[in-house]
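Structural features, examined
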Amino acid sequence: MEKNILAIKTITDLHDLFGLPKPKHPLISVVRHSDLVMDFNYKDQRISLEMYLISLKGSQEAVLKYGRNKYDFQEGSLVFMAPNQVFSFSETEFSQSKNEWTILVHQDFIHSSGLSQAIQHYQFFNYEANEALHLSDGEKTSITEIVHKIEKEYHQNIDKHTDDIMSINLESLLKYCQRFYDRQFITRRNLNKGVLVEFEQYLNAYFQNELTTKGIPSVGQCGEALNLSPYYLSDVLKAETGKSTKEHIDLHLVNKAKGLLLQSKDSISGIAYALGFEYPNHFSKLFKAKTGLSPSEYRSYN
């Protein structure tokens, strides 16, 4: 029988679970993995945190089950989790390396520090664990310097400047992570091209065989078909083509619509329904946005 999800709501609850001292800040924590006490009986326990997590794997091997995948951490891997994601450890002893750390940031800190809007732009918090950021030695040094600043501030007595300094350094950390992910998309271009080819093949087959019965594919469906998170898939496609997953789907819809408009005498509404649109005006709006012509104008001009 599957174990229930263990919900961790506060930084204090998480410190208690892992045998750590009382946190020095109620809404943010910097944990060195060498300080963890991993003798509790929670192997394969599904855990959910009401906080953001950023974690660096240093040197030892460990396995984390997150989302649909099991991920073997490699040295210099940085993994991110958004609040309320569910994960589990496949081994009770995760790590005792001094070079490994985890930053935990409660949602309330994000809201109070004014980072609520900014953090929405960092989609890597919604990536799967097997889409982790793999740092070079130089990148790891840059990240570590910022983490040391956050850690130093964390261990000082809280005053009126504490949260501002922490939030500034946290945002700097996230910006560097975005830069390094952009680099990763470039250096893994051969792999990304394989993703692009597989994605196009999936869409072509779907539009030929399943569109009329299953409707317009969602971004989530596309990601699942390729065994990728929808966020990572969109970012890979943007890096390769400049277009998101949704934009690719829309282009396939428009190309399919062009064929139907020219090769059949079906009404505009009939074509819209055949393409999976619930409302014909939504189809007409999309078609005009992509072609500059309404469906009827396109049909008459051609």
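Residues numbered from 1 in each chain as written. Predicted model: local features only at pLDDT ≥ 70, side-chain atom pairs only at ≥ 80, totals over all residues. Heavy atoms only, no water.

Focus on the packing of helix α5 (residues 162–187) against helix α9 (residues 230–241)
Which entries qualify depends on this criterion: Working convention: axes come from line fits to C-alpha atoms, limited for helices to the stretch in contact. Angles between N-to-C directions cover 0 to 180 degrees. Runs of H or I in DSSP of at least four residues are treated as helices and runs of E of at least two as strands, each being numbered from the N terminus. Orientation labels follow simple angle bins: below 35 degrees gives roughly parallel, above 145 gives roughly antiparallel, 65 to 115 gives roughly perpendicular, and whatever is left gives oblique. Handedness of a crossing follows from how the near helix is turned relative to the far one, being left-handed for an anticlockwise turn of less than a right angle and right-handed for a clockwise one. Only heavy atoms matter for contacts: two residues are in contact if any of them lie within 4.5 Å across the pair. Nonpolar residues are Ala, Val, Leu, Ile, Met, Phe, Trp, Tyr, Cys and Pro. Charged residues are Asp, Glu, Lys and Arg, and all others, Gly as well, are polar.
At a minimum axis distance of 10 Å, the contact between α5 and α9 shows a crossing angle of 65 degrees. The pairing of α5 with α9 is recorded here as roughly perpendicular in orientation. The way α5 lies across α9 gives a crossing that is right-handed. Of the residues in α9, those in contact with Y181, Q184 and F185 of α5 are Y232, D235, V236, A239 and E240. Its residues assigned to classes, the contact of α5 with α9 comprises five nonpolar, one polar and two charged.

Comments concerning the sheet that holds strand β9 (residues 101–106)
Here is the rule: Two strands make a pair as long as DSSP finds a minimum of two bridges between them.
In spatial order, the strands read β2-β9-β4-β7-β10; together these five strands make up an open sheet with antiparallel pairing. The sheet terminates laterally at β2 (28–32) and β10 (133–134), the two strands that pair on one side only. For strand β7 (residues 77–81) and β10, the ladder comprises two bridges, and the chain directions are antiparallel. Across the sheet, residue S77 finds its bridge partner in β10, namely H134.

Remarks on the pattern of salt bridges
What counts, and what does not: For this analysis, a salt bridge means a side-chain nitrogen from Lys or Arg found within 4 Å of a carboxyl oxygen belonging to Asp or Glu. The buried label applies to any residue whose accessible area, calculated with a 1.4 Å probe on protein chains only, is under 20% of its type's maximum; exposed applies above 50%, and partly exposed to all values in between.
What the rule picks out here adds up to five salt bridges. E50 serves as the salt-bridge partner of K9, at 3.1 Å between the closest nitrogen and oxygen. Taken as a pair, K9 in the loop between β1 (6–8) and α1 (11–17) and E50 in the loop between β3 (47–49) and β4 (51–57) lie far apart in primary sequence, 41 residues in all. K9 sits in the partly exposed class, given a relative accessible area of 45%. Relative accessible area serves as the criterion here: at 22%, E50 is assigned to the partly exposed category. E210 is the salt-bridge partner of K214, the closest N and O atoms lying 2.8 Å from each other. By relative accessible area, which is 27% here, E210 ends up partly exposed.

So, the packing of aromatic side chains
Put simply, the rule is: Each Phe, Tyr or Trp ring (for Trp, its six-membered ring) is paired with any other whose centre lies within 6.5 Å, and the angle between the two planes then decides the class: stacked below 30 degrees, edge-to-face above 60, tilted in between.
Following the criterion strictly, the structure yields 17 aromatic pairs and no others. Look at F185 and Y232: their rings are 5.6 Å apart centre to centre, the planes differ by 55 degrees, and that puts the pair in the tilted class. Linking F185 in helix α5 with Y232 in helix α9, this pair joins segments that are 47 residues apart in sequence. Looking at F185, the relative accessible area reads 4%, which means it is buried. Taking the centre distance of 5.9 Å and the plane angle of 45 degrees together, the rings of Y202 and Y206 count as tilted. Of this pair, Y202 and Y206 both sit in helix α6 (residues 189–209), four residues apart, which is roughly one turn of that helix. Exposure remark for Y206: the relative accessible area of 2% places this residue in the buried category.

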